[in-house]
Amino acid sequence: MKRRELIKATAGTGAALMFDIVPARALGLQGQPAPSDILNLGHIGIGGRGANHLRPDADVGRMVKAPLGQGGGGVRIMRPARSMALCDVDAKRLDTAATKVGGKPRTYRDFRRLLEDKDVDAVIIASPDHWHALQTIMACQAGKDVYVEKPAGNTIEECRAMVTAADRYGRVVQVGAQGRSQVAAWQAANYIKAGQIGAVRKITCWHYASPIGDWKTPDSAPPEELDYDTWVGPAPWIPYNARHTHGSFRWLIDFGGGQIRDRGAHIMSIASWIMDVDTTGPVSIDAKGEPPHDGMYDSGVTMEVAYEFKNPDFSMVWAQPGEIPPEFPKATYGATYWGDNGHISITYGDGNSTATNQEAVEFSKQCDCGKVFRSPGHNENWEDCIRTREKPIMHMEAGHRVASLCILGNVGFQLQRKLEWDPVNERFINDEEANRLLSRPGRGPWHL
Amino acid sequence: MADDQQFLTDIQSDNADVRFAAWRRAGEVSPAVIPQLGKQAGAGDPGKAKAAREALTTMTHSVGKDPASPNRAAVVKGLLELAGPGSPNPVRVHAIRMLSNIAPEDAAPAVAAWIQTPELAEEVTFCLERMPGNAPIKSLLAAYKNVKDEFKPRILAALGHRRAKEGVSLCVEAMRSPNRDIAVAAVKAFGRIGVKPAAAPKYPDTKGMTEWQRIDQQDSLLRYADAQAREGNAAEAIAVYKSVLSSPEEHWQCAAVIGLAKAGTAEAAALILPKLKSDDPKVRITAQNAWKSMAQTKA
């Protein structure tokens, strides 16, 4: 009996086969390679975002609707996959995730043990941003395909190292900036690439300001369930504080990098895609703005970063708060594309509330003459590419270049001076200190 | 400077906005204020301590663009003093981190001297990894002899991160250490440096290694091979790729195929050929893609 028939025959019956953790390759025909019909996933980091990627055991072998926010359109059914292995440095989160998955997922506190697990086909990395690069690189070393949440990494060097690792091992790596998989982004891209607004000269991004923070929560000993030393990992050491760990690490430049590296990775991912700059970068970065005047956070509260690109020639501005277009008065973030013959906006980029102007929607119903790849959904696209070994829509080089925009913006913001950038050699021009900031040595045993 | 007094008043203000405005203009005041900022950075009020740290950061950035900036030497001197034993550890850490941005090569011995302070060893190594020139590498090599075994892997990692060719002999020697952590760290650094040694190294025996050490070691050898290929030493690279082509690990086979395709020699092509019919679909597809890319390069 072929493997697919076996799965179909036992689906929904509660047969032991579906709930045992059977390695994908063991279900192949004797003497033949066994491409996995059910992808065995490992999850590293199962907090807020990571939990959204979990595939409950009860759903294995059943038709499962795609989660909201991962793009795609219509009635979407996820490719068959199971959450076989879970890892988190927080024991409570690990327990919660294991309960959500059901069955008997393998649980690990050390992500290296999960990566050593030969039954895991691919991993989803949703740990805090400062871990993304190294865990992706190590996952490639261990032979896993990777879905890594955005932003790809925290420094130019580590993002480039991710590309090198993915290329060295031929791994399929999707960066979780799912804007490109949103239907509205595709409609807008199709409209623009079909020439409907003429050549795009400027892109203006808008995003609400970042939190300011305070001193109300003192540093303390970490909770027992948290392996805090590993949580800090390769980043420079800071004492534990509940207000800059789970979730709120985002407002520290060394960890989350602020809104520009968070939502910027979504918004500017769509922009890079539309403008075909996935393999290049800006030639100058001019950042202004203010961090919090007080409190424990240091990422930009207000910011304006102006990027200039050459070949193609255009400019992009990241603005906190920026100007909300009148067509979308309630959209708290997004980007407007200004062409010679008009403009359109794409709101959000990270969820199914992503929208674009009606003219782009109507145009795309009639014509896909922009010849833009239409993603089935961000996870589905990744899983399809695992089988075909093609590069997914938000492949590692694209993820690196988008994260680089965010990182360059923060470097300019920190140094408070205009920077010139060589996108080919990926170095600053005539700025010795800025070039030192291209990399950040890792702490303890954690090194690129 | 007349502004210094006003600056020192403002940076200690009870008003956060006044402190912020002061730290933003810290690049315009004299480096002579650094000791005072150091005292404030170590004081109890978190808002005032932050303002002092940010002022030191602004001063650092103000002299960071050009190594020949007029005040740069004075700021470096001030930070070196602040990083000395007279300051509380958090202040020393901040000063060392700022030194990593702007300290010149000749500051390396002074910085390296603090590597024996356990609370600062990591920060000092961080700084030596970032400082330009050969002196920080020499300091790291000297420090290696004197640090405890448990810190030797960290020094080796720093040499690897710096791609320090001066560290190759140390790596080759350290690979023979009976301390498995040191031996594997040495292979990792060797792989990252990517320079061919005078004599073929003796890699640690994988018997008795943890699984992750085995993965790390093989990855390091592939990195070494890739570096050799980039340098035009195709024979050296191909020898490594060939050694993993029959590995049961599909991704090592893929890495070998990809590396061979980049080497692009007739020998490499001959080694890839059988993989076009591999039983493993990932290897097979990788080999097909590699074959296509070789054909395109040749065309």
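Values in this document were obtained by computation on a predicted structure and should not be read as measured data.

## Re the state of the cysteines
All names here are of chain A.
- Under the definition given, this model contains one disulfide over all chains.
- The disulfide partner of Cys367 is Cys369, and the S-S distance across this bridge is 1.7 Å.
- For Cys406, which is in no disulfide, the shortest distance to another cysteine sulfur is to Cys159 and amounts to 8.9 Å.
- The class for Cys406 is buried, based on a relative accessible area of 0%.

## Comments concerning the packing of aromatic side chains
Residues and elements named next belong to chain A.
- All chains considered together, the criterion is met by 17 aromatic pairs over all chains.
- For the pair Phe111 and Trp446, a centre-to-centre distance of 5.6 Å together with 35° between the ring planes defines the contact as tilted. With Phe111 in helix H5 (residues 111-116) and Trp446 in the segment after helix H14 (432-436), the pair connects residues that are 335 residues apart, well separated along the chain.
- You can call Phe111 buried: its relative accessible area is 3%.
- Taken together, Tyr228, Trp231, Trp237, Tyr240, Phe249 and Phe255 form an aromatic cluster joined through their ring pairs.
- Lying over the aromatic face of Trp186, Arg374 brings its terminal NZ or CZ to 4.3 Å of the ring centre.

## Remarks on the domain arrangement of chain A
Residue and element names in this part refer to chain A.
- What the domain assignment lists for chain A is domain 1 (3-178) and domain 2 (181-374 + 396-428).
- With 33 residues of domain 1 at the interface, the matching set in domain 2 holds 38 residues.
- Roughly 3,000 Å² of surface becomes buried between domain 1 and domain 2 when both sides are summed, with 59% attributable to carbon and sulfur atoms.
- Across the pair Glu397 and Arg160 runs a salt bridge, and its minimum N-O distance is 2.9 Å.
- The set of elements that each furnish at least two residues to the side of domain 1 that touches domain 2 consists of helix H4 (91-101), helix H6 (129-141), helix H7 (156-169) and strand E6 (173-176).
- Element by element, the count of residues in the side of domain 1 that touches domain 2 is highest for H7, at six residues.
- Tallied by class, residues from the side of domain 1 that touches domain 2 come to 15 nonpolar, 11 polar and seven charged.

## Here we look at the pattern of salt bridges
- A complete count under the given rule lists 50 salt bridges over all chains for this structure.
- As a salt-bridge pair, A:Asp145 and A:Arg389 come within 2.8 Å of each other at their nearest N and O atoms. Taken together, the residues span a long stretch of sequence, with A:Asp145 in strand E5 (residues 145-149) and A:Arg389 in the loop between helix H12 (378-388) and helix H13 (396-415) at a distance of 244 residues. Of the two residues, A:Asp145 and A:Arg389, neither departs from the other in class, the shared state being buried.
- Across the pair B:Arg25 and B:Asp3 runs a salt bridge, and its minimum N-O distance is 3.8 Å. Here B:Asp3 lies in helix H1 (residues 2-11) and B:Arg25 lies in the loop between helix H2 (16-24) and helix H3 (34-41), a separation of 22 residues in the sequence.
- By relative accessible area, B:Arg25 is classed as buried at 18%.
- A relative accessible area of 30% places B:Asp3 in the partly exposed class.
- Ionic contacts of the salt-bridge type, sharing partners, join the residues A:Asp110, A:Arg112, A:Arg113 and A:Glu116 into one network.

## Comments concerning the interface of chain B and chain A
- Counting residues at the interface gives 55 residues for chain B, matched by 52 residues for chain A.
- For the chain B and chain A pair, buried surface summed over both sides reaches about 4,500 Å², with 51% attributable to carbon and sulfur atoms.
- Together, B:Lys65, B:Arg130 and B:Trp212 form the three largest contributors to the area buried by chain B at its contact with chain A, with a combined 16%.
- Joining chain B to chain A, the criterion identifies seven salt bridges.
- Among the ionic pairs, B:Asp226 bridges to A:Arg168, the shortest N-O distance being 2.6 Å.
- On the surface where chain B and chain A come into contact, there are 31 residue pairs in polar contact (both at pLDDT 80 or more).
- Residue assignment for the side of chain B that touches chain A shows that the elements contributing at least two residues are H2, helix H4 (46-62), helix H6 (89-102), helix H8 (121-130), helix H10 (152-161), helix H13 (211-230), helix H15 (250-263) and helix H17 (281-298) of chain B.
- Residue contributions to the side of chain B that touches chain A peak at nine residues, all from H13(B).
- The residue makeup of the side of chain B that touches chain A, split by class, is 22 nonpolar, nine polar and 24 charged.

## Some thoughts on helix H9 (residues 135-146) of chain B
All names here are of chain B.
- Between its first and last C-alpha atoms H9 spans 17 Å; for 12 residues at 1.5 Å apiece the expected length is 16 Å, and the two agree.
- When H9 is considered as a whole, its buried residues turn out to be Ala135, Pro136, Ile137, Ser139, Leu140, Ala143 and Tyr144.
- Lining the buried residues of H9 we find helix H7 (108-112), H8, H10, helix H11 (168-174) and helix H12 (180-193).

## Focus on the pairing of strand E9 (residues 302-309) of chain A
Residue and element names in this part refer to chain A.
- Side chains Met303, Val305, Tyr307 and Phe309 of E9 all project onto a buried face; the interleaved residues Thr302, Glu304, Ala306 and Glu308 project onto a face where none is buried.
- Bridge count for E9 against strand E10 (residues 314-320) is seven bridges, and the pairing is antiparallel. Note on E10: the bridge partner recorded for Val305 is Trp318.
- Hairpin connection from E9 to E10: four residues lie between these consecutive antiparallel strands, with Asn311 at a positive phi of about 55°.

## Side note on the sheet that holds strand E3 (residues 106-108) of chain A
Residues and elements named next belong to chain A.
- Ordered by their spatial adjacency, six strands build an open sheet running E3-E2-E1-E4-E5-E6, and the pairing between neighbours is parallel. Each edge of the open sheet carries a strand with a single partner, namely E3 and E6. If you compare each strand with its neighbour and ignore which way they point, the axes differ by 25° on average.
- Judged from the four bridges that link them, E5 and E6 form a sheet pairing that is parallel. Bridging across to E6, Val146 finds its partner in Val173.

Here is what the cut-offs are and how they apply
Residues numbered from 1 in each chain as written. Chains lettered and ligands numbered in written order. Predicted model: local features only at pLDDT ≥ 70, side-chain atom pairs only at ≥ 80, totals over all residues. Heavy atoms only, no water. Disulfide = S-S within 2.5 Å. Buried < 20%, exposed > 50% of the residue type's maximum accessible area, 1.4 Å probe, protein only. Phe/Tyr/Trp six-rings, centres within 6.5 Å; stacked < 30°, edge-to-face > 60°. Helix = DSSP H or I, 4+ residues; strand = E, 2+ residues; numbered from the N terminus. Lys NZ or Arg CZ within 6 Å of the ring centre and 35° of its normal. Domains from an automatic or database assignment. Contact = heavy atoms within 4.5 Å. Buried area = accessible area lost by both parts, 1.4 Å probe. Salt bridge = Lys/Arg side-chain N within 4 Å of Asp/Glu carboxyl O. Nonpolar A, V, L, I, M, F, W, Y, C, P; charged D, E, K, R; others polar. Polar contact = N/O pair within 3.5 Å; in protein donor to acceptor, adjacent residues only side chain to side chain. Expected span 1.5 Å × (residues − 1). Pairing = 2+ DSSP bridges. Axes fitted to C-alpha atoms, helices over the stretch in contact; angles between N-to-C directions.

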